[in-house]
Amino acid sequence: MHRLLLCLTIVACSVAPGCGGWVVFTSDRDGDNEIYMMTTLGSITAKLTDNNVSDSSPAVTADGMQVVFQSGRDGNPEIYIMNIDGTGQIRLTNDPAQDLSPRPSPDGKYVVFWSHRDTVLGEFEIYLLEIETREVTRLTDNDADDREPVFRPDGTKIAFTSNRDGNYEIYVMNVDGSDPTRLTNNPATDQLPAYSPDGSTIAFSSSRDGDLEIYVMASDGSDQKRLVRRPEQQDSRPNYSPDGTQIVFLSLLDLADYEIFLMNADGTGATNLTGHPAWDDF
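Just so it is clear, the model here is predicted, and its values are computed rather than measured.

A separate point is the overall build of the protein chain. Check the secondary structure of the protein chain and you find 0 helices and 25 strands. Taking 2.2 N^0.38 as the reference for a compact globule, 282 residues should give roughly 19 Å; the C-alpha atoms of the protein chain span a radius of gyration of 17 Å, in line with that estimate. Projected onto the principal axes, the alpha-carbon positions of the protein chain cover approximately 45 × 40 × 35 Å. Here the protein chain, with 282 residues, has 54% of them falling under the buried criterion. Relative to all contacts within the protein chain whose residues are 6 or more apart in sequence, the contacts with residues 24 or more apart total 31%.

Dropping the structure here:
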């Protein structure tokens, strides 16, 4: 089931001049899902995890020094953190439920994630984890699914996906869970929000035109538009580069192979970074 929980993160380049940056991602190219880091030119630079279970859904902290991720190494998906070179791997949550897709706060003190850990109907809710104390706070409380949370870069809001009004739409709420507001409203699925570095826009994935494509909108939900039309492929899980000039995203080629692409923030210049027969995703 976790192949559908797809996410990618671009990390700024600070070592090799002209490398452009790195992408942290998940691949099963060595037999099971592990977390890797490659340059934005597509060459693999490091394998960050090495287990016989699934390590996935990585997200890099704002300072570029650590990666939060989910792992099933202790029996079920839990939230972990490690240094950017893969050392110092520490488990942050410990619950029999699935804790999924962590995203760090801009100050690096918190992680937001989704889980069904204390729900009655098995629906997913959104939780906030304080890294230092390991204290977990539930932010949403619905009979529907609330999932895929991500912090706004100034730390004041959390965008997320929910089907609380019938189908999956993108919402925003305060960091304490108050004042949830719907940003999208159409019969199709809108999901997987990602803020631009300045917080002014949100990239997301939508099937409103018949297949999954990448869209952008202003952070208040206005000016929604499709970036590029690629009907032969399913494009999802957008994420901005730290300088906001590029978007990394996932594409399903020929309904058989997930690859990682990079394009300009206006939708031009899409380039396949991975080109590998394995599934490169998360």
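A few words now on the sheet that holds strand β10 (residues 110-115). Strand order across the open sheet formed by 4 strands is β9-β10-β11-β12, with antiparallel pairing between neighbours. The open sheet has two edge strands with one neighbour each: β9 (99-104) and β12 (136-138). Within this sheet the neighbouring strands show an average axis-to-axis angle of 25 degrees, counted without direction. Examined bridge by bridge, β9 and β10 share 4 bridges and lie antiparallel to one another. Looking across to β10, one finds that Arg-103 is bridged to Val-112.

So, about the side chain of Asp-280. Of note, Asp-280 is situated in strand β25 (residues 280-281). Side chain to side chain, Asp-280 and Thr-274 meet in a polar contact 3.5 Å long.

So, about the confidence of the model for the protein chain. Confidence along the protein chain averages 90 in pLDDT terms, with 92% of residues attaining 70 or more. Low pLDDT, under 50, characterises residues 1-7; the predicted model gives this stretch 28 contacts beyond four residues in sequence or across chains. The low-confidence segment residues 13-19 (pLDDT under 50) makes 8 contacts with residues lying over four places distant or belonging to another chain.

What follows is about the pairing of β10. Most of β10 is tucked away: 5 of the 6 residues are buried. What sits between β9 and β10 in their antiparallel hairpin is a turn of 5 residues, with Gly-108 showing a positive phi close to 75 degrees. As defined by bridge partners, β10 adjoins strand β11 (residues 125-130) across 6 bridges and the pair is classed as antiparallel. The partner of Tyr-110 across the bridge, within β11, is Glu-130.

Strand order in the open sheet formed by 4 strands is β21-β22-β23-β24, and the pairing between neighbours is antiparallel. Both outer strands of the open sheet, β21 (233-240) and β24 (271-272), are each paired with one neighbouring strand and no more. Looking at chain direction, strand β23 (residues 257-264) and β24 are connected through 2 bridges and run antiparallel. Pairing of Phe-261 across the sheet is with Asn-272, part of β24.

Moving on to the pattern of salt bridges. Enumeration over the complete set of coordinates arrives at 19 salt bridges. Salt-bridge contacts for Arg-147 lead to Asp-145; the nearest nitrogen and oxygen are separated by 3.1 Å. For the pair Arg-147 and Asp-145, a shared accessibility class is recorded, and that class is buried. Asp-209 is paired through a salt bridge with Arg-226; the nearest N and O atoms lie 2.9 Å apart. Of the two residues, Asp-209 sits in the loop between β18 (201-206) and β19 (213-218) while Arg-226 sits in strand β20 (residues 225-226), which places them 17 residues apart along the sequence. The exposure class assigned to Arg-226 is partly exposed, which follows from its relative accessible area of 36%.

Counted under the stated rule, the structure contains 7 aromatic pairs. A centroid spacing of 5.7 Å and a plane angle of 20 degrees characterise the contact between Phe-113 and Tyr-127, whose relative ring orientation is stacked. One end of the pair, Phe-113, is in strand β10; the other, Tyr-127, is in strand β11, with 14 residues separating them in the sequence. What makes Tyr-127 buried here is its relative accessible area of 1%. Ring geometry for Phe-204 and Tyr-215: centres 5.7 Å apart, planes at 25 degrees, overall stacked. Of the two residues, Phe-204 sits in strand β18 while Tyr-215 sits in strand β19, which places them 11 residues apart along the sequence.

Before going further, it helps to examine unusual backbone geometry. The residue Ser-101 is not glycine, and still its phi comes out positive at about 50 degrees. Looking at where Ser-101 falls in the secondary structure, it is placed in strand β9. A positive phi is found at Arg-237, a non-glycine position, where the angle reads about 50 degrees. Note on placement: Arg-237 falls in strand β21. Residue classification places Arg-237 among the buried residues on the basis of a relative accessible area of 9%.

What counts and how
Residues numbered from 1 in each chain as written. Predicted model: local features only at pLDDT ≥ 70, side-chain atom pairs only at ≥ 80, totals over all residues. Heavy atoms only, no water. Helix = DSSP H or I, 4+ residues; strand = E, 2+ residues; numbered from the N terminus. Rg over C-alpha atoms; globule rule 2.2 N^0.38 Å. Buried < 20%, exposed > 50% of the residue type's maximum accessible area, 1.4 Å probe, protein only. Contact = heavy atoms within 4.5 Å. Pairing = 2+ DSSP bridges. Axes fitted to C-alpha atoms, helices over the stretch in contact; angles between N-to-C directions. Polar contact = N/O pair within 3.5 Å; in protein donor to acceptor, adjacent residues only side chain to side chain. pLDDT = per-residue confidence, 0-100. Salt bridge = Lys/Arg side-chain N within 4 Å of Asp/Glu carboxyl O. Phe/Tyr/Trp six-rings, centres within 6.5 Å; stacked < 30°, edge-to-face > 60°.

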